[in-house]
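Chain by chain, the residues run as shown.
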Amino acid sequence: MTYGVCSGVEVVEVACNKCGAPLEVGEDTKFVTCGFCKARLRIRHKGGAHFTEVRKRVRAVEKKTAAVEKKAAAVEKKAASLDFEVKELRLKQELDELEDRWREEREELYIRQKNGGTVRPEAWHAQLAFAIAGCALVAGLMMLDAGPGIAPALLLMAAFAAVGGVLSKSRFTRFNAALGRYQAERDDVEYRLAKLRRKQRRR
Ligand SMILES: [Zn+2]
């Protein structure tokens, strides 16, 4: 029910939520104390309807809402933390796989020695082979007039050394390319891991 009053403020009638007594309040009034039972009331104005709530209950509901919101925030934080852990594990796994793949690739490109060991291809392997080939060639040409068999042996040695040099150079090139690919991929995963951890620390 709404009454017009001379002050210009609309007055509405509400019932006390505790004792049921009728109360007259301004249309915008938010709080009132019941003149009959002294209950502290909050006045709700909803879509033209006006009613009262005992404030103690209002506070209880607010408290409960805050508790639920706090719980929701904690759950959200936990979810974010789990999300970080999953992403971190995936990146670590990616690094492991990268290492495994590189170990296999490297094993194939390393030079196998007679004693079963392996040696990393180096640029000087080919350079040494070409130097030996050159020396053997020069010596072979100089020995062309010497005794039988010496010059052909030196020339054959020069040919073998030259072939060895070409193979060494090719292996070194392939090894370097594979190493570059591995390092670039590793840098990329490590960058993403560092970025993820920075983001987690800021949270
Ligand atoms: Zn009352």
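Figured I'd write up the structure that's included with this text. What you see is a predicted model; the values in this text were computed from it and never measured.

**Some words on the packing of helix 1 (residues 55-109) against helix 3 (residues 150-202)**
Contact pair helix 1 / helix 3: the axes reach a minimum separation of 10 Å and the direction vectors enclose 170°. The angle between helix 1 and helix 3 falls in the class roughly antiparallel. Contacts between helix 1 and helix 3 involve F84, K87, E88, L91, E94, L95, L98, W102, E105 and L109 from the first element and R171, R174, F175, A178, Y182, E185, R186, V189, R192, L193, L196 and Q200 from the second. The residue inventory of the contact of helix 1 with helix 3, partitioned by class, reads 12 nonpolar, one polar and nine charged.

**As for helix 1**
For helix 1, which comprises 55 residues, the first-to-last C-alpha distance of 80 Å matches the rise-based estimate of 81 Å (1.5 Å per residue) to within 8%. Across the 55 residues of helix 1, zero count as buried, placing the element largely on the outside.

**Here we look at the sheet that holds strand 4 (residues 31-33)**
Taking strand neighbours across the sheet as the criterion, the three strands line up as 4-5-6 in an open arrangement whose pairing is antiparallel. The open sheet has two free edges, formed respectively by strand 4 and strand 6 (49-54), since each of these has just one partner strand. The average angle at which neighbouring strand axes cross in this sheet is 35°, direction not considered. Inspection of the sheet shows strand 4 paired to strand 5 (residues 40-46) by three bridges, in the antiparallel sense. Across the sheet, residue T33 finds its bridge partner in strand 5, namely R40.

**Describing the pairing of strand 3 (residues 22-26)**
Burial along strand 3 is one-sided: L23 and V25 are buried, while P22, E24 and G26, pointing the other way, are not. Summarising the sheet, strand 2 (residues 11-15) and strand 3 pair through five bridges and their orientation is antiparallel. Across the sheet, A15 pairs through a bridge with P22, a residue of strand 3. Connecting strand 2 to the next strand, strand 3, in antiparallel fashion are six residues, including G20 with a positive phi near 85°.

**Observations regarding the nonpolar core**
Side chains of nonpolar character tend, in soluble globular proteins, to be buried together. Counting eight residues, the largest nonpolar core consists of A126, A129, A133, A136, L154, A158, A161 and F172. Where this core is concerned, the elements lending two or more residues are helix 2 (123-142) and helix 3. Every residue in contact with A158, bar those within four places of it in the chain, is listed here: A133, A136, L137 and G140. Counting residues in hydrophobic clusters, the runner-up holds seven residues, among them V14, V25, L41 and I43.

**Remarks on helix 3**
End to end, helix 3 covers 76 Å across 53 residues, agreeing with the expected 78 Å (1.5 Å per residue, within 8%). Inspection of helix 3 places L154, A158, A161, G165, S168 and F172 among the buried residues, and these make up the whole buried set. On its buried side, helix 3 packs onto helix 2.

**Some words on the environment of F130**
Within the secondary structure, F130 is located in helix 2. Owing to 17 C-beta atoms within 10 Å, F130 belongs among the partly exposed residues under this scheme. Sequence separation between F130 and V166 is 36 residues, and the spatial gap between their C-alpha atoms is 8.3 Å. When residues no more than four places from it in sequence are discounted, the contact partners of F130 are A162 and G165.

**Looking at the pairing of strand 6**
Relative to strand 6, strand 5 is paired through six bridges, and the arrangement is antiparallel. Along strand 6, the bridge assignment pairs R44 with F51. The turn joining strand 5 and strand 6, which pair antiparallel and follow one another in sequence, is formed by two residues; a positive phi near 50° is taken by G47.

Thresholds, definitions, all that
- Residues numbered from 1 in each chain as written.
- Predicted model: local features only at pLDDT ≥ 70, side-chain atom pairs only at ≥ 80, totals over all residues.
- Axes fitted to C-alpha atoms, helices over the stretch in contact; angles between N-to-C directions.
- Helix = DSSP H or I, 4+ residues; strand = E, 2+ residues; numbered from the N terminus.
- Parallel < 35°, antiparallel > 145°, perpendicular 65-115°, else oblique.
- Contact = placed C-beta atoms within 7 Å.
- Nonpolar A, V, L, I, M, F, W, Y, C, P; charged D, E, K, R; others polar.
- Expected span 1.5 Å × (residues − 1).
- Buried ≥ 20, exposed ≤ 12 C-beta atoms within 10 Å, placed from the backbone.
- Pairing = 2+ DSSP bridges.
- Core = buried A, V, L, I, M, F, W, Y, C linked by C-beta atoms within 7 Å.

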